[in-house]
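# Examination of the molecular architecture
Spelled out from the first residue to the last, the chains are:
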Amino acid sequence: MKKSFSWRIFISFGLLLSFLMLLVSGVILYISPPGRVANWTDWRMLGLTKTGWENQHAIFGFAFALLSIFHLFVINWKAFFSYLKTRTSAGLKSPLELSGSVLLALLFGIGTYFSLQPFSAIVDFGNSVSASWEKREMQPPVPHAETMTLVELALQPGLGGDAEILKEKLEKAGFMVDSVQQTLEEIALKNHTTAEKVYVPLAPEKSGARKLPAEGLGRKTLQEVADDAGISVSSLQLALKQKGVEAEPDMNLKSIAEKNGIEMNALRQMLETMISR
């Protein structure tokens, strides 16, 4: 006699497989590098990129939620409501256990929100593992540079401002480039490589660390800093904007720091990094 299809068994196995996939993808995303590094270097784990694992986590999370609803409210709805009624009644008769469960849930939520121990330690450990993937030599010139077109990239400090020249450099290096409106990511995909490797022929030569003067720096305008470094003020302005710092060419550095609520030392370090590229 042919056995009929069992929805109960189907959903139970589906829940198990979804849970396992959520567990695996959750652990991998917990230790994965930041998006700017993962996208720049085409980081992969078990053949999937970080975006691929994020998609898997989202889809299997949706599947787990959907199967759980069917499991509770369709297949086992009578048993579930009977159990819920019994346990709710038992919980009300056992206020100590019920209060303990509620307080524990609140502790987890509030402790995580306010970065209390041991919750902050768990978060910090994940962040430290994630940061360990990041190496100085593999950092993009600006965050998410892979999404920039050659036209946008040319405006970065040290890259000359001419997108056609960047296109020629890439073609001489053996890359196929259709247009200066292509992003580094699109060029990388077309050439079956990473955005990091596409950027190598474009990167300005290392000129060594350049230090800004210790005295009177606050009175210097952004235009003067750019002129002294031999770069365009618009590229320096754009690089600062990508760091969340708004500045005008005729503003002095002290005013820029005050307007953006940052220390002069932090602004100095940003500018020294930008003009040293």
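Residues numbered from 1 in each chain as written. Predicted model: local features only at pLDDT ≥ 70, side-chain atom pairs only at ≥ 80, totals over all residues. Heavy atoms only, no water.

### Re the overall build of the protein
A count of helices and strands for the protein gives 14 helices and two strands. Here the protein, with 277 residues, has 31% of them falling under the buried criterion. A separation of at least 24 residues holds for 63% of the contacts in the protein among residues at least 6 apart in sequence. As displayed, the protein has an accessible area near 17500 Å², and 62% of this comes from carbon and sulfur atoms. (Helix = DSSP H or I, 4+ residues; strand = E, 2+ residues; numbered from the N terminus. Buried < 20%, exposed > 50% of the residue type's maximum accessible area, 1.4 Å probe, protein only. Contact = heavy atoms within 4.5 Å. Areas by Shrake-Rupley, 256 points an atom, 1.4 Å probe, with all protein chains shown as cover.)

### Structural notes on the environment of Leu 107
With respect to the helices, strands and loops of the structure, Leu 107 is situated in helix α5 (residues 95-113). Exposure remark for Leu 107: the relative accessible area of 47% places this residue in the partly exposed category. Separated by 12 residues in the primary sequence, Leu 107 and Phe 119 have C-alpha atoms spaced 9.8 Å apart. In this structure Leu 107 touches Thr 112 and Phe 119, once residues within four positions along its chain are discounted.

### Focus: the environment of Gln 117
Looking at the secondary structure, you find Gln 117 in the loop between α5 and α6 (119-131). For Gln 117, a relative accessible area of 58% translates into the label exposed. A distance of 3.4 Å separates a polar atom in the side chain of Gln 117 from a polar atom in the side chain of Ser 120. A polar contact is formed between the side chain of Gln 117 and the backbone nitrogen of Ala 121, at a distance of 3.4 Å. (Polar contact = N/O pair within 3.5 Å; in protein donor to acceptor, adjacent residues only side chain to side chain.)

### Quick notes on unusual backbone geometry
With an omega of 0°, the peptide bond between Gln 117 and Pro 118 qualifies as cis. Tracing the backbone through its elements, the reader meets Pro 118 in the loop between α5 and α6. One non-glycine residue, Leu 46, adopts positive backbone phi at about 55°. Note on placement: Leu 46 falls in the loop between β1 (44-45) and β2 (48-49). We note that His 192 has phi near 55°; this positive angle belongs to a residue other than glycine. Mapping His 192 onto the fold places it in the loop between α9 (184-190) and α10 (195-199). With a relative accessible area of 75%, His 192 lands in the exposed category.

### As for the packing of helix α11 (residues 222-229) against helix α12 (residues 233-242)
Relative orientation of the contacting elements α11 and α12 amounts to 115°, with a least axis distance of 9 Å. In terms of crossing hand, the pair formed by α11 and α12 is right-handed. Packed against α11, whose contacting residues are Leu 222, Gln 223, Val 225 and Ala 226, the element α12 presents Val 233, Leu 236, Gln 237 and Leu 240 at the interface. Its residues assigned to classes, the contact of α11 with α12 shows six nonpolar, two polar and no charged. (Axes fitted to C-alpha atoms, helices over the stretch in contact; angles between N-to-C directions. Left-handed = near helix turned anticlockwise from the far one by under 90°. Nonpolar A, V, L, I, M, F, W, Y, C, P; charged D, E, K, R; others polar.)

### Overview of the nonpolar core
One broad trend across soluble globular proteins is that nonpolar side chains are buried collectively. With 21 residues, the main nonpolar core has Leu 150, Leu 153, Leu 170, Leu 184, Val 198, Tyr 199 and Leu 202 as its most contacted residues. When contributions to this core are tallied by element, the ones reaching two or more residues are α7 (150-153), α8 (163-172), α9 and α10. Once you skip the residues sitting within four places of it in the chain, Tyr 199 turns out to touch Trp 40, Pro 141, Leu 153, Leu 159, Leu 184 and Pro 204. (Core = buried A, V, L, I, M, F, W, Y, C linked by side-chain atoms within 4.5 Å.)

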